[in-house]
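# Structural characterization, general
Chain by chain, the residues run as shown.
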Amino acid sequence: MARRYDSRTTIFSPEGRLYQVEYAMEAISHAGTSCGILAVDGIVLAAEKKTISKLLEPGTSSEKMYKVDNHIACAVAGITADANILVNNARLQAQRYLYAYQEPIPVEQLVQQLCDLKQGYTQYGGLRPFGVSFLYAGWDDKYGYQLYQSDPSGNYGGWKATAIGANNQAAQSILRADYKPEISLKEAMNLAIKILSKTMDSTTLNSGKLEFAYL
Amino acid sequence: MEALLAFNLRDSVLVLVDSTAGRSIVKMKEDEEKVYRIDNNKLLAAVGESGDRVQFCEYIVRNAQLYTLRNNYPLSTKACAHYIRGELAESIRRSPYNVNLILAGVDKEVGPSIYYMDYLGSMQKMNFAVHGYAAHFLLSLLDRHYKADLSLDQGVELLRRCVNELKTRFLIGGKFKVKHVTLDGTIEIPLDMPEAEPTPIPGYHTPVPIKA
């Protein structure tokens, strides 16, 4: 049935679908939820950590939140190893732009460059796509505070509030109800925690299970 | 040798560039365009080896316009200057472009700015800048007469002084073109200069009574 068309990324199925890309998105839907909310005076990114253990050394590395440049941060949902490669690339692109133009990279340009990279893995090379979705939060002097989301297909969109990972539909419906465009950063932070508490599997919510970032 | 001069006015930039194209002792044309329009409020003026000048400037202009097309907004003057400097610095270590440049631009938040670059890839942001042998004559003149917040009329008057100095004292002369860069666009200003008249020196040209 569909099995014949999913072993290679570089071919379409007869129904016009790219199965490898869809399977990548399926992998992400099992990952910890990440949500982002654009406020009037800032942006909030909040994420649920999946790997929690008393034995885990805190502070050595982050699973969900990464700083890409002084003015851009991103939250991850999906395969952490894939995310590391892409975040490293994003950091490189941001510094390259700074080297060439002596100005911080506009947020959308960074998102576009990462998405072009992800798209390449869906069209040529015979390699599987990256199993990561990103939420990018950044500020630049052209468009102010911006929130973007990208997925393994290489598509991206600008959002006022969104969520990726497990239970993201539930999170999005709560956001649709509770988000107001005039929301302040403080209210956005509260809203983010409320979202995560509703979408997390476990009953208790404590700081060890969350990663939080705001711009 | 070619002359290139630019200085900041209150909220625009004046650029003076000679328009002679020549080889060795022959002047081939007197209306050569050495200023390239990057976009509505940025000009790139270049002097040096003519093939290098055209090749490099057209490359920069095309890349700057590609940026505008891709992103729906233009490069700022500062970003453009650093980009150009980077290209010069990269190419000098491979196959150098023998061009000296001035980038003149006006941005809404920053105002007028002038970036002086030479063929080695060094760059400096300045209020007034001169390239070529003309610098030996005009930098001192500008040091003396340039002020911040000049109006267009004052600026053109200062330009006339500079051209007069070159016509009087500089061995190699020809025609000049003047460009005015503002936030609304770039325009060429005709500079009708009568034949240079030396400024009369009292005591040399006209007798001055000797006070006892």
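Everything numeric here is computed off the predicted structure, so don't read it as measured data.

## Some points on a nonpolar patch on the surface
Residues and elements named next belong to chain B. There is a patch of nonpolar side chains on the surface, built from Met1, Tyr133, Leu171 and Ile172 and spanning about 480 Å² of accessible area. Here Ile172 lies in the loop between helix 4 (152–169) and strand 11 (176–182). Residue Ile172 is classed as partly exposed on the basis of its relative accessible area of 49%.

## Section: the state of the cysteines
Throughout the structure, instances matching the rule amount to zero disulfides over all chains. Free of any disulfide, Cys74 of chain A has its nearest cysteine sulfur in Cys115 of chain A, 12 Å distant. We note that Cys80 of chain B lacks a disulfide partner, and the nearest cysteine sulfur, in Cys57 of chain B, lies 11 Å from it.

## Remarks on the sheet that holds strand 8 (residues 161–164) of chain A
Note: strands within a sheet are paired through backbone hydrogen bonds, in either parallel or antiparallel orientation. Residues and elements named next belong to chain A. Taken in spatial order, the four strands line up as 8-1-2-9 in an open sheet, and their pairing is antiparallel. A single partner strand is all that each edge strand has here, and the edge strands are strand 8 and strand 9 (210–214). Each adjacent strand pair in this sheet contributes to an overall mean axis angle of 10°, direction not counted. Both strand 1 (residues 34–39) and strand 2 (residues 42–48) contribute to a ladder of six bridges, which runs antiparallel. Bridge pairing links Ser34 to Ala47 in strand 2. The sheet strands contacting helix 4 (residues 168–178) are strand 1 and strand 8, and the helix crosses strand 8 at an angle near 165°. Relative to the sheet, helix 5 (residues 185–199) contacts strand 1, strand 2 and strand 9, its axis offset from that of strand 2 by approximately 20°.

## Structural notes on helix 4 of chain B
Residues and elements named next belong to chain B. For helix 4, which comprises 18 residues, the first-to-last C-alpha distance of 26 Å matches the rise-based estimate of 26 Å (1.5 Å per residue) to within 8%. If you check which residues of helix 4 are buried, you get Gly155, Val156, Leu158, Leu159, Cys162, Val163 and Leu166. Buried residues in helix 4, looked at end-on, bunch into an arc of 160°, giving them a common side. Of the residues in helix 4, the exposed ones pointing more than 90 degrees away from the buried face are Asp153 and Arg169.

## Details of the pattern of salt bridges
Charged atoms that come close allow side chains of opposite charge to pair. Evaluated as defined, the whole model comprises 16 salt bridges over all chains. Ionic pairing is found between Lys142 of chain A and Asp141 of chain A, a salt bridge with its closest N-O pair at 3.6 Å. One salt bridge in this structure joins Glu2 of chain B and Arg53 of chain B, with 4.0 Å as the shortest N-O distance. Of the two residues, Glu2 of chain B is situated in the segment before strand 1 (4–8) and Arg53 of chain B in helix 1 (residues 50–71); the sequence distance between them amounts to 51 residues. Grouping residues by exposure puts Glu2 of chain B and Arg53 of chain B together as buried. One salt-bridge network, in which partners are shared between bridges, spans Glu2, Asp18, Lys29, Asp31, Glu32, Lys34 and Arg53 of chain B.

## Some thoughts on the interface of chain B and chain A
Taken together, the contacts link 11 residues of chain B with 11 residues of chain A. The junction of chain B with chain A conceals about 930 Å² of combined surface from both sides, 51% of it contributed by carbon and sulfur atoms. Of all residues in chain B, the largest losses of buried area upon contact with chain A belong to Tyr67, Tyr73 and His82 of chain B, amounting jointly to 47% of the total for that side. The interface formed by chain B and chain A contains zero salt bridges. At the boundary of chain B and chain A, one finds seven residue pairs in polar contact (both at pLDDT 80 or more). When residues of the side of chain B that touches chain A are traced back to their parent elements, those giving at least two are helix 1 and helix 2 (77–92) of chain B. With five residues, the top contributor of residues to the side of chain B that touches chain A is helix 2 of chain B.

## Observations regarding the nonpolar core
One finds Phe134 of chain A together with Ile38, Leu44, Ile84, Leu101, Leu103 and Met117 of chain B to be the most contacted residues of the largest nonpolar core, which totals 47 residues. Here the element with the most residues in this core is helix 2 (residues 80–101) of chain A; it accounts for seven residues. Other than its neighbours up to four places away in sequence, Leu44 of chain B contacts Lys34, Val35, Tyr36, Ile38, Cys57, Ile60, Ile84, Leu101, Ile102 and Leu103 of chain B.

What counts and how
Residues numbered from 1 in each chain as written. Chains lettered and ligands numbered in written order. Predicted model: local features only at pLDDT ≥ 70, side-chain atom pairs only at ≥ 80, totals over all residues. Heavy atoms only, no water. Patch = residues over 30% accessible without salt bridge, like charges linked within 9 Å, V, L, I, M, F, W, Y side chains within 5 Å. Areas by Shrake-Rupley, 256 points an atom, 1.4 Å probe, with all protein chains shown as cover. Salt bridge = Lys/Arg side-chain N within 4 Å of Asp/Glu carboxyl O. Helix = DSSP H or I, 4+ residues; strand = E, 2+ residues; numbered from the N terminus. Buried < 20%, exposed > 50% of the residue type's maximum accessible area, 1.4 Å probe, protein only. Disulfide = S-S within 2.5 Å. Pairing = 2+ DSSP bridges. Axes fitted to C-alpha atoms, helices over the stretch in contact; angles between N-to-C directions. Contact = heavy atoms within 4.5 Å. Expected span 1.5 Å × (residues − 1). Arc of directions from axis to C-beta. Buried area = accessible area lost by both parts, 1.4 Å probe. Polar contact = N/O pair within 3.5 Å; in protein donor to acceptor, adjacent residues only side chain to side chain. Core = buried A, V, L, I, M, F, W, Y, C linked by side-chain atoms within 4.5 Å.

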